[in-house]
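# Per-entry structural report
Here's the letter readout for the chains.
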Amino acid sequence: MPALLELDHVGLSYHTLAGEIPALSQISFSIQEGEFVSLVGPSGCGKSTFIRILAGLENADSGSVCLNGISTDERIPPNKRNIALVYQEPVLWNHMPVWKNIAYGMAKKDKKVIYELMDALEIGGLEKRFPEEISGGQAKRVALARALAADKGILLLDEPLSNIDEKTKLKNLEYLVQNYKDRKTILYVTHSKMEADFLGCRQIRMDVKE
Ligand code: ADP
Ligand code: MG
């Protein structure tokens, strides 16, 4: 069976006025359908760049990326990739209350599902607030709840629980493992070895480029 995600020597440099900034070089690995994998590496090693390539928001300069055996060079548009993405900086619709933000990608807007997710992620009671009325850590969990509610096959989570207190973070990690391991294909990006170890899944290590 081909891997769900297959990366072969993927590289990308940012071209800026100050010169070339190498962000990723020679990244190769594959992820099977249903695997929960963490991508661990220090700040600046290219994790977010890599997630953006997988989501179709950035194109690699070299190497190949295949999704379900199809090269993304064939320009699989982001909305056809069956991916839900949580950005490192949460991106919410400011004109929508929290519950509508979570409902945004749901085929059927089921309030029971929304409230259950909110309780599980410890953001229950915030449903009528607007994004500017919640904290940064709460906004991250609203973004995570929206990705989970969208019920896509692949979840790309870019530091979804950074800047959240340790106790809440551990509860949220436990919830993810108990409810989504073996059900979804998840790539969980973190700079924290502790978080990756807690997840207890396969770890892919990345290092900063020279
Ligand atoms: P990480 O998510 O692992 O912290 P990033 O993918 O955000 O790393 O960044 C990888 C490298 O690319 C860093 O050196 C960073 O400074 C650089 N970089 C990231 N985004 C841009 C950009 N839009 N333009 C130029 N350089 C960037
Ligand atoms: Mg990042």
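This text goes with the structure placed above it.
This report concerns the structure included in the present document. Residue indices begin from 1 for each chain and proceed along its sequence in written order. All chains are assigned letters beginning with A, and all ligands numbers beginning with 1, in the order in which they are written. With pLDDT at 70 or above as the cut-off, local features in this predicted model cover only qualifying residues; side-chain atom pairs require 80 or more to be listed or tallied, and sums for whole chains, interfaces and linings still use all residues. To get the side-chain values, take all heavy atoms of the structure and skip hydrogens and water.

## Description of the site of ligand 1
Residues are labelled near a given molecule or strand when at least one of their non-hydrogen atoms is within 4 Å of it. Taken together, 13 residues lie near ligand 1, and G44, G46, K47, S48 and T49 sit nearest. In the analysis that follows, any N or O atom pair within 3.5 Å is treated as a polar contact, provided that within protein one partner can donate a hydrogen and the other can accept it, and provided that, for residues neighboring in sequence, both atoms belong to side chains. Side-chain polar atom of S48 to an oxygen atom of ligand 1: 2.9 Å apart, as the coordinates give it. Note that an oxygen atom of ligand 1 is positioned 2.5 Å from one of the side-chain N or O atoms of T49. Contact with the protein chains removes 65% of the 570 Å² of surface that ligand 1 exposes when unbound. Method for areas: the Shrake-Rupley scheme with a 1.4 Å probe, in which residue coverage is limited to the protein chains shown.

## Topic: the environment of I204
Within the secondary structure layout, I204 lies in strand β9 (residues 202-205). In what follows, residue pairs with any heavy atoms lying within 4.5 Å of each other are defined as contacts. Dropping the residues within four chain positions of it, I204 is found in contact with F29, V37, S38, L39 and V40. Per the convention used, a helix needs a DSSP run of H or I reaching at least four residues, while a strand needs a run of E reaching at least two, with both numbered from the N terminus.

## Quick look at the coordination of the magnesium ion (ligand 2)
Each metal site lists N, O and S donors within 2.8 Å (3.2 Å for Na, K and Ca). With water left out of the atoms, a site can look as if it is missing ligands. At this site the magnesium ion (ligand 2) is bound by S48 (OG) and Q88 (OE1), with donor distances of 2.0 to 2.1 Å. One end of the pair, S48, is in helix α1 (residues 47-55); the other, Q88, is in the loop between β6 (83-86) and α2 (98-103), with 40 residues separating them in the sequence.

## Details of helix α5 (residues 166-180)
Helices are assigned an expected span. That span is 1.5 Å times one less than the residue count. Spanning 15 residues, α5 covers 21 Å between terminal C-alpha atoms, matching the ideal 21 Å at 1.5 Å per step. The rule is simple: take the accessible area with a 1.4 Å probe, protein chains only, and divide by the maximum for that residue type; under 20% is buried, over 50% is exposed, in between is partly exposed. T168, K169, N172, L173, Y175, L176 and Y180 are the residues of α5 that are buried. Mapping the buried residues of α5 onto a view down its axis gives an arc of 160°, with all of them on the same face. Those residues of α5 that are exposed and angled more than 90 degrees off the buried face are K167 and Q178. Residues of α5 that are buried sit in contact with β3 (36-40), α3 (111-120), α4 (136-149), β7 (154-158), β8 (185-190) and α6 (193-199). Of the residues flanking the end of α5, it is D182, one or two places downstream, whose phi is positive at about 70°. Picture the helix axis, draw a direction to every C-beta atom, and the arc is the one those directions span.

## Regarding the nonpolar core
Note that soluble globular proteins tend to have their nonpolar side chains buried in a common cluster. Formed by 35 residues in total, the largest nonpolar core has its most connected members in I102, L148, L157 and Y188. Of all the secondary structure elements, the ones that give two or more residues to this core are β6, α2, α3, α4, β7, α5 and β8. Considering each element in turn, this core owes the most residues, eight residues, to α4. The residues touching I102, leaving out its near neighbours within four places in the chain, are I114, M118, V142, A145, R146 and A149. In this description, a nonpolar core means a group of buried Ala, Val, Leu, Ile, Met, Phe, Trp, Tyr and Cys residues linked to one another through side-chain atoms lying within 4.5 Å.

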